[in-house]
Amino acid sequence: MRNIPPVNADLIGQPDGVLLLETPALIVDRASFEQNLEIMAKHCEENQCSLRPHAKTHKSVEVAKRQIQAGAVGICCAKIGEAEALAAGGIQDILLTSPVVTERSFERVFRLVEQGIQLQMVVDAFDVVERLSKRAGQRGLAVKVFVDVDTGMHRTGISFSDVENLIRVIENSPQLNFGGLQVYAGNFMHVHSYDQRKVRATNLSIRINELSHKLEVAGIQVPCISGGGTGTFDMDPTFGTFTELQAGSYAFMDDQYQAIEYANNQPAPFQTSLFVATRVISSNSPGLVTTDGGFKAFATDDSPPRLRDFSSDEFEYRFMGDEHGAVVGESASKSFDLGELIFAVTPHCDPTINLYDHIHVINGTTLEDIWEVSARGRSA
């Protein structure tokens, strides 16, 4: 924990306190955020699929608690550091979704298990399973493991043909409990066309169902199949494949997810709830005003952010360096006053949130709360 006092804490509850924020500031609109949680929880309940949101999106104990209160069975974490931070904040049920391969990392996992955390981890290599089993035996621990299956992205995961053999090794270890399969297809979550995305999701589900049947015939029961995401949330439960949904970005809905097509050309069912508040700090050039939100305020793996309250035809946002951005448009210098607060939509929420220590929770112009980004910077 960084224990950095929130610079805007004195504004909580003040009338129009949002207008006085020190910026850049990470903002969550409470109403939209809570509505998103409710919609996803209801969707999973209606489709008899558990929800285990991915905390790599928010890295926040407070957000995770609210997701669980809304109906999630637990939380996913990408890294052990995230799991440690969330466990310290009271989150008890965690699935580590990236393989852990070193003995030092095993020890960190074991410490969490010894603390009573219901920690599950993924594996995709025979050598890792053997070493993990040996070290767990030395500690007298039992660890639940999921087999991570390669969906074709070739990032992590074992091939479909090797899944059964890896499960056999796990089942032969008294220290390891087979928890199920992880099948996450990050390679098509952002495919723009709904129809193309559905074809790929359908084809993957057919392969998973065939694998599950093969394992059942071989006498292997698969307790859980965890995967899916925000881009395929409305398809995944309908295939009868996934028993657990790992969606994460639905809580905030960045522009990457708002840009894709949804069923029947309907708008995304989730509202954008995450923004970066930035201020105009200079206005000396025609057609341009300078803000205090530069490269350090936004993830820059995508296009520059768009303005929440203006169309892209009217104004566009440009980066002017580490500390500065600009709103550009023919009437920019006349339309924005010095000190004016501007809300920008994040192109990619996960890495943007990782730039901030705190999330400012707002209701209109009232700052209602400030949540810590508990696992910020936990890259290991």
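For the structure, see preceding data.
Definitions and limits used
- Residues numbered from 1 in each chain as written.
- Predicted model: local features only at pLDDT ≥ 70, side-chain atom pairs only at ≥ 80, totals over all residues.
- Heavy atoms only, no water.
- Helix = DSSP H or I, 4+ residues; strand = E, 2+ residues; numbered from the N terminus.
- Buried < 20%, exposed > 50% of the residue type's maximum accessible area, 1.4 Å probe, protein only.
- Contact = heavy atoms within 4.5 Å.
- Areas by Shrake-Rupley, 256 points an atom, 1.4 Å probe, with all protein chains shown as cover.
- Lys, Arg positive; Asp, Glu negative; His and termini not counted.
- Charge placed at Lys NZ, Arg CZ, Asp CG, Glu CD.
- Phe/Tyr/Trp six-rings, centres within 6.5 Å; stacked < 30°, edge-to-face > 60°.
- Axes fitted to C-alpha atoms, helices over the stretch in contact; angles between N-to-C directions.
- Parallel < 35°, antiparallel > 145°, perpendicular 65-115°, else oblique.
- Left-handed = near helix turned anticlockwise from the far one by under 90°.
- Nonpolar A, V, L, I, M, F, W, Y, C, P; charged D, E, K, R; others polar.
- Pairing = 2+ DSSP bridges.

1. Let's talk about the overall build of the protein
- Tallying secondary structure elements over the protein gives ten helices and 17 strands in all.
- Overall, the C-alpha framework of the protein stretches about 70 × 45 × 35 Å when taken along its three principal axes.
- Residues counted as buried form 54% of the 380 residues belonging to the protein.
- For the protein, the share of sequence-separated contacts (at least 6 apart) that also reach a separation of at least 24 residues comes to 69%.
- Total accessible area on the protein is roughly 16200 Å²; 46% of this is exposed by carbon and sulfur atoms.
- If you average the places of the 32 positive and of the 49 negative side-chain charges in the protein, the two averages end up 6 Å apart.

2. A look at the packing of aromatic side chains
- In the structure shown here, the tally under the stated rule is twelve aromatic pairs.
- When the ring of Phe310 is compared with that of Phe315, the centres are 5.4 Å apart and the planes differ by 90°; the resulting orientation is edge-to-face.
- Accessibility expressed as a relative area gives 29% for Phe310, which makes it partly exposed.

3. Describing the packing of helix H3 (residues 80–88) against helix H4 (residues 103–114)
- The contact between H3 and H4 brings their axes to 11 Å, and the two run at 20°. Considered as vectors, H3 and H4 are oriented roughly parallel to each other. In terms of crossing hand, the pair formed by H3 and H4 is left-handed. Contacts between H3 and H4 involve Ile80, Gly81, Ala83, Glu84 and Ala87 on the former and, on the latter, Ser105, Arg108, Val109 and Leu112.
- Per-class residue counts for the contact of H3 with H4 are five nonpolar, two polar and two charged.

4. So, the sheet that holds strand E7 (residues 176–183)
- Reading across the sheet, the eight strands line up as E2-E9-E8-E7-E6-E5-E4-E3 and stay open at both edges, with parallel pairing between neighbours. Each edge of the sheet is formed by a strand with only one pairing partner; in this case those strands are strand E2 (50–51) and strand E3 (75–77).
- In terms of strand pairing, strand E6 (residues 143–148) meets E7 through six bridges, oriented parallel. Across the sheet, the residue bridging to Asp148 is Gln182, located in E7.
- Helix H5 (residues 126–139) contacts strand E5 (118–123), E6 and E7 of the sheet and is inclined by roughly 150° relative to E5.

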